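What follows is the residue order along each chain.
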Amino acid sequence: MYARSENGRVYHIIPRGQQFTLCGLRISRLVVTGRKHERAHFGPEKPADQPLCKHCERMDRKEGKNE
Ligand SMILES: [Zn+2]
């Protein structure tokens, strides 16, 4: 699953069944905190118009090596 903030700078990867993004942000915190336009949206689709969060990208590469 993917999380993107409405102001749209980056998106994050959320591993299946996890409560945290790959880079360690708590999902409930993404939803609840922040001004309205900064709240996150979630979905199964990778946002095509946003870059992946740098920290998530690094973690994703690391995980990929283990497969
Ligand atoms: Zn991230």
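In short, a report on the structure. If you're wondering where the values come from, they're calculated on a predicted model, not measured in any experiment.

1. Overview of the overall build of the protein chain
Then comes step 1: Per the secondary structure count, the protein chain includes 2 helices and 3 strands.
Then comes step 2: Relative to its full complement of 67 residues, the protein chain shows a buried share of 18%.
Then comes step 3: Long-range pairs, those at least 24 residues apart, make up 62% of the contacts in the protein chain between residues at least 6 apart in sequence.

2. Let's talk about the sheet that holds strand E2 (residues 11-13)
Then comes step 1: Spatially, 3 strands are ordered E2-E1-E3 in an open sheet, and the strand pairing comes out antiparallel. Here the strands that pair on one side only, and so sit at the sheet edges, are E2 and strand E3 (40-43). Shown here is a sheet whose adjacent strand axes are inclined to one another by a mean of 25°, direction ignored.
Then comes step 2: Here strand E1 (residues 2-5) pairs with E2 via 3 bridges, running antiparallel. Residue Ala3 lies in a different strand from E2, and its bridge partner there is His12.

Criteria and cut-off values
- Residues numbered from 1 in each chain as written.
- Predicted model: local features only at pLDDT ≥ 70, side-chain atom pairs only at ≥ 80, totals over all residues.
- Helix = DSSP H or I, 4+ residues; strand = E, 2+ residues; numbered from the N terminus.
- Buried ≥ 20, exposed ≤ 12 C-beta atoms within 10 Å, placed from the backbone.
- Contact = placed C-beta atoms within 7 Å.
- Pairing = 2+ DSSP bridges.
- Axes fitted to C-alpha atoms, helices over the stretch in contact; angles between N-to-C directions.

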